Every structure is written in structure tokens, then in C-alpha cells.
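Listed below, chain by chain, are the residues.
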Amino acid sequence: MYPTMGTAGRTVRGVAASDGIAIGQARVLVPRVVVIDRPISADTVPAEVSRLRQAVIATDGQLASLSTRLEAEHLHEGHLILEVHRLMLRDDAVVEGARRLIETQEIAAESAVRRVIDSISAKFKSMEDPYLRERGADVEAIGERLLRTLLGLPEPSGVASAAGTIGIGSVLSPVDALQLPHSGLVGFAAEHGGKTSHAAIILRALDIPLVVGARGLVAAVRPGDTLVVDGSRGEVILNPDGDTVARYEERRRGERSRTRALKAGFAGPTTTLDGVRIELAANIEAPSEVGGALEFGAECVGLFRTELLYLDRPELPGEEEQFRDAVAVLTALGGRPATFRTLDIGGEKLPVAVQVAGGANPSLGVRAIRFARRRPDIFRTQIRALYRASALGPLRIMFPLVSGISELEEARRACAEIVEELSREGMVFAPDVPIGVMIETPSAALCTDHLAERSSFFSIGTNDLIQYAFAADRENEDVEYLYRPLHPALLRLLKTAIDGARGAGKPVAVCGDMAGDPAFTWVLVALGVRSLSMAPRFIPAVRSIIRASTLAEMEALLAQALLLRSEVEVEELVLDVMRRRFPLELAKA
Ligand code: PEP
Ligand code: MG
């Protein structure tokens, strides 16, 4: 029934998005469409049957054009698979089976399709032969596509549960990324997405290897194929032979012992050889991550991405729950401070619980502090919870995606109202919680001197700052080449922002991914950053670099870099020095 694959040892290249190596069996992840049984009246049966037939024709058309494209791109295996899917779609078992159900049970076309597909795939899955068992997944894939057409839903992305396998899919959404550990997946490879996408950030926090932008992968891989996901080099190897697997296992062991070696040198604060103190903080997404962060040597939490706790649930959390989460973080930190970023919802971070009006360009639309303005009820609930938690440990509040002083003033007014409210209620809390601003838009970066009048501290979110400075969607692998943290334009922007903040006597941290890349440590410290917040596992390498360097040599390198005109020249200069001086810290698995 199926063509033979011939993919053994083939490599599909993409973008390295979360370090590490995962080896396992592939599972193509397509989210199940939720269908509620919908009864129809007898007189609408003919219309419903015709709706079914039209959806089958439209779905077949989608498969045909996909199949033609794959053939044109010489992805022969994928083309053949889709041709087989087309045959399965038009099979009487599906179309006639669904038609009969519509007529006899008087149910909607999608209800009938769901029942038929579930019953066929259950039959396949109960078969002894593993090859035939896997065909159940193909039936499901076709069924899901047909249902999506019937219901007018977009192309599938996402994750259904699987155990001990490697997920592959079109794109990984943040909500799906959060569910990955529960599904037992050990790695993921997606056809689309960027390395600073939120899904990538989540997988890095979870220590799950990820490759994005691996075009053609889904068509080339069959369920059950063995895959190596090399998240450090951005490659996926299909059906590797025994020697290749052994080589990757060896590299995986090497990577673990490198991390152990870098962790071993940890004791006390991090200071340069000439005595400049640098704070190393953790970016976390859940209270449960605090323990691991402290083990890696984090001194505090520099960025708690609060929204990630709440994306994948049917309702947003209330004040009590958010209060408990914040207290859990502070308690686990045992007196060390934590900076809570208020909800950064919108863009591609769409919670299940609330509708966000995305607009034509969601990442330029209602997101983060802009969402807070639109939904003061949700914002105020969070602020109340955070102020209340301030009674139990040193807590700071930080607003994401602020574009200027007016937005900051507005958010601060909400805080002042909450302070008054809590005082009236006789609550115990710290009324002088430090309030800070994330520098993520060029407009904010250019005005830190003004923002400093109303902000206790700053933290630069380089992921978004780069996205907005270069007009390059961080979720789109086609513009990934514009993610160049050493570009002269970004260096200037950073310098302006940092000088403005420091000139006004306000501390400035970096909490974007740039902070956790040891290649950029010298540049950031030389620019005047004294606090770096990153995914905990990058702390040991960054710490090791700082302890072996002087501020003077970092500043000398930056001075040279600032004279150069292209990102290529700056990269050559900086990476050459860093690779020579710190081969262990900069080594990739
Ligand atoms: C950033 O934009 O750099 C940042 C730290 O925030 P996030 O990655 O969550 O958007
Ligand atoms: Mg951001």
C-alpha cells in the first residue's frame, strides 16, 4: 500500500533552536479537531451530504497541490505519501460511511466524519502487524484535514500526546510547547518557526532539543521512522544507521560532561578579574523551575514570564492562584528577589481562555501592555496578586512591550489604585514595590532617559528589540538571517538605551536570549550591563567567562566593534576573540 521510503541517513537542515541531541521514533503531531455531535433536521440531510462531498473535493485539492509542490521540489517520498492519502480520502469507507451516518443518524457532516474516522483508525490500531497499526495514524491525519476543511479551520500545527518519541509538525505553538513534557516527547522538529520564538524559549527552559525551519520534514518522515534531532546544529537525520546513532550518543555524553565541568567552578558572586560585580539571574516560566535555577548558580529570578503558566488552560487564573504562584516563587528563592513580568499575551501567545484581537499583524497589534490596557480587569487582578505577594519576599514588577512614557504612566496609575485599594482593605503588602520597564521596542530604547523618571529599573528584551528594530518576525524562519545581535544598528540601539538608563542612575539588565549566549557576554558587560538574566543552563558558561576576564579588555573589544560598519565584520571580530579565549564555554554539542 505504501511506497518504500529510501530516506536512510538523509539530513534535513533547519535552524538550531534548543541545544541538545534527541534520538527516537517520529510522531507526526496533528491536533485533534474537537467535534461536538450536532443533530440536524431531516430536511437538511441533502444539504449536509452535499457539504460533505464539497469538503472532500476541497481537501483532495489541497492534497493534490501539496503533492505537486513536493514533486517539484524533488521530495519524492512525500509526494507519494500524499498520493496515497488522496486515495484513502476518496475511499468509500470514509465518504460513503459518513454519508450513511448523516442520512440514518441525522447528524452534521463533521459529526459523521469524526465517527467514521475514529472507527477506521481504531480498527487499524488493533492490528497485530506494526506496519498496519501505523496506518491508523495516516487515517487520522486525513480525517483531521477533512474536518478542518469542513469547519473552515486553519492548517494544523500542534501537539497531541505521544510517549518517548520525537514530535514533528508544521509549527510548534507556545501552548503546544508547554504540553510537550506531559506527552513524553524527547525532542521536536518543526517546518516553521524562529529560534527566538516563544515555543523555542519554552523548550530551552525544558531542556528539550528543537530544530525549527526544517522544510520538507513532515512529508519526508513516516510515523515510526527513527530520527536524530540535533538542536545544537539545527539538523534532523532520518533513519540513521547504527554508527551514526553511536556518534550522536557520544556527542550527547560529551555535552553533559562539559556542562558538569562548567558547573563545578561555582561558588559565591560573579566578579570580573578587575572587580566588577555582575549579577547572573534566571529566566523562568513556572515556580517549579526555581530549584533548578539555583543549582545552576542563579542569584535571583530576573524574568518570570507569568503568562506561560496560563496559556494552555480553559480559564485565566484568579487573584488567589496568581498570588499563590508568586509566593511559591519567592518561597523557593528563600529571600532572593524575583522580577515578575506582567502578562505578555498577544502576538503568537494566544491563551485558550481569552480572545485577543490579533489584527493583520499580531505582533504589531494588541500584545503585552497593550492587552493590559484593553483588559484592565485581567491586568488589575494580576497586579493585586503581585502586590499581595510582596509581603512575603522581595518582588519587582516589570511591564512588557512598553513603547513610551504615556503607556508607563497609565500602567503605574493602575498600580497606584491597587495600592490604595489594598491599603483600604487592610492588606499586608509592600507599597513601594519597584516598578520597571522592559526595553523591547526601539521607541523605548531611544527614551530610557525619559522613562527613567518613572521607572526603578530596566531590562532589555533583545528578542523583541531585534524583531522590532529589524522588522523581522521572530516566528518566521525566512527572516531568521536578520537575527544578528552584533549588527551595528543593534549595538547603537543598546548603547543609547543603556547610556540613557545609567545616566539617570537606573540599573539596566538584559533578559533576552542574547544574555545567555556566551559569545555576547563581553559586549554586553562592556556596554554597561551589570545584570544578565537567562535560561538557567546557560549561567555556568557565562559565569566562567566573566570570572576569567577584565572589564578593561571587554571595553577595548567593544570600542573596536563600534567602529565597524557591517554585522559580518563585528561578528568576525567578536567571535574570533571569544572562540579563541573561551573554547569550552562556546563549544556546541
Ligand atoms: C525578549 O523579548 O527578549 C524577552 C525577554 O521577552 P520574550 O522573549 O518573552 O518576548
Ligand atoms: Mg519580549
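What counts and what doesn't
Residues numbered from 1 in each chain as written. Chains lettered and ligands numbered in written order. Predicted model: local features only at pLDDT ≥ 70, side-chain atom pairs only at ≥ 80, totals over all residues. Heavy atoms only, no water. Axes fitted to C-alpha atoms, helices over the stretch in contact; angles between N-to-C directions. Helix = DSSP H or I, 4+ residues; strand = E, 2+ residues; numbered from the N terminus. Parallel < 35°, antiparallel > 145°, perpendicular 65-115°, else oblique. Left-handed = near helix turned anticlockwise from the far one by under 90°. Contact = heavy atoms within 4.5 Å. Nonpolar A, V, L, I, M, F, W, Y, C, P; charged D, E, K, R; others polar. pLDDT = per-residue confidence, 0-100. Expected span 1.5 Å × (residues − 1). Salt bridge = Lys/Arg side-chain N within 4 Å of Asp/Glu carboxyl O. Buried < 20%, exposed > 50% of the residue type's maximum accessible area, 1.4 Å probe, protein only. Near = heavy atom within 4 Å. Polar contact = N/O pair within 3.5 Å; in protein donor to acceptor, adjacent residues only side chain to side chain. Areas by Shrake-Rupley, 256 points an atom, 1.4 Å probe, with all protein chains shown as cover.

Please provide a residue-by-residue account of the packing of helix H17 (residues 462–469) against helix H18 (residues 488–503), values included.
Between H17 and H18, the least distance of the axes is 11 Å, while the angle of their chain directions is 125 degrees. Between H17 and H18, the angle is such that the two are oblique. Where H17 crosses over H18, the two elements pack in a sense that is right-handed. Note on element contacts: H18 touches H17 through Leu 490, Leu 493 and Leu 494, opposite Thr 462, Leu 465, Ile 466 and Ala 469. Partitioning the contact of H17 with H18 into residue classes produces six nonpolar, one polar and no charged.

Please set out the confidence of the model for the protein chain residue by residue, giving values where relevant.
Regions with low pLDDT carry predicted coordinates that are not meant to be interpreted in detail. Averaged over all residues, the pLDDT of the protein chain equals 89, while 92% of them reach at least 70. For the stretch residues 1–5, pLDDT sits under 50, and the model shows 18 contacts to residues farther than four places along the chain or on other chains. When the criterion is pLDDT under 50, residues 156–162 qualifies, and its contacts beyond four places in sequence or with other chains add up to 31 contacts.

Before we move on, could you go through helix H14 (residues 405–424) and cite the residues and values that matter?
Helix length check: H14 (20 residues) gives 28 Å between terminal C-alpha atoms against 28 Å at 1.5 Å per residue, within 8%. Those residues of H14 hidden inside the fold are in contact with helix H12 (369–374), helix H13 (376–389), strand S13 (395–399), strand S14 (435–439) and helix H16 (448–451). Just past H14, the residue Gly 426 takes up positive phi, approximately 75 degrees.

Describe the pattern of salt bridges, naming the residues involved and giving the relevant values.
All told, the structure shown has 42 salt bridges when counted by the stated rule. Among the ionic pairs, Glu 417 bridges to Arg 380, the shortest N-O distance being 3.1 Å. One end of the pair, Glu 417, is in helix H14; the other, Arg 380, is in helix H13, and 37 residues separate them in sequence. For Glu 417, a relative accessible area of 43% gives the class partly exposed. You can call Arg 380 partly exposed: its relative accessible area is 24%. Overlapping salt bridges bring together Glu 319, Glu 320, Arg 380, Arg 384, Arg 388, Glu 417, Glu 421 and Glu 425 as one network.

Mind laying out the site of ligand 1, listing which residues take part and the relevant values?
Neighbouring ligand 1 are 17 residues, the closest being Arg 305, Glu 440, Gly 461, Asn 463 and Arg 474. Side-chain polar atom of Asp 464 to an oxygen atom of ligand 1: 2.9 Å apart, as the coordinates give it. Side-chain polar atom of Arg 474 to an oxygen atom of ligand 1: 2.8 Å apart, as the coordinates give it. Relative to its unbound accessible area of 290 Å², ligand 1 is 100% covered by the protein chains. Among the elements of the structure, helix H7 (198–206), strand S11 (300–305) and H17 are those that each provide at least two residues to the shell around ligand 1. The biggest single contributor to the shell around ligand 1 is H17, with three residues. Its residues assigned to classes, the shell around ligand 1 shows four nonpolar, five polar and eight charged.

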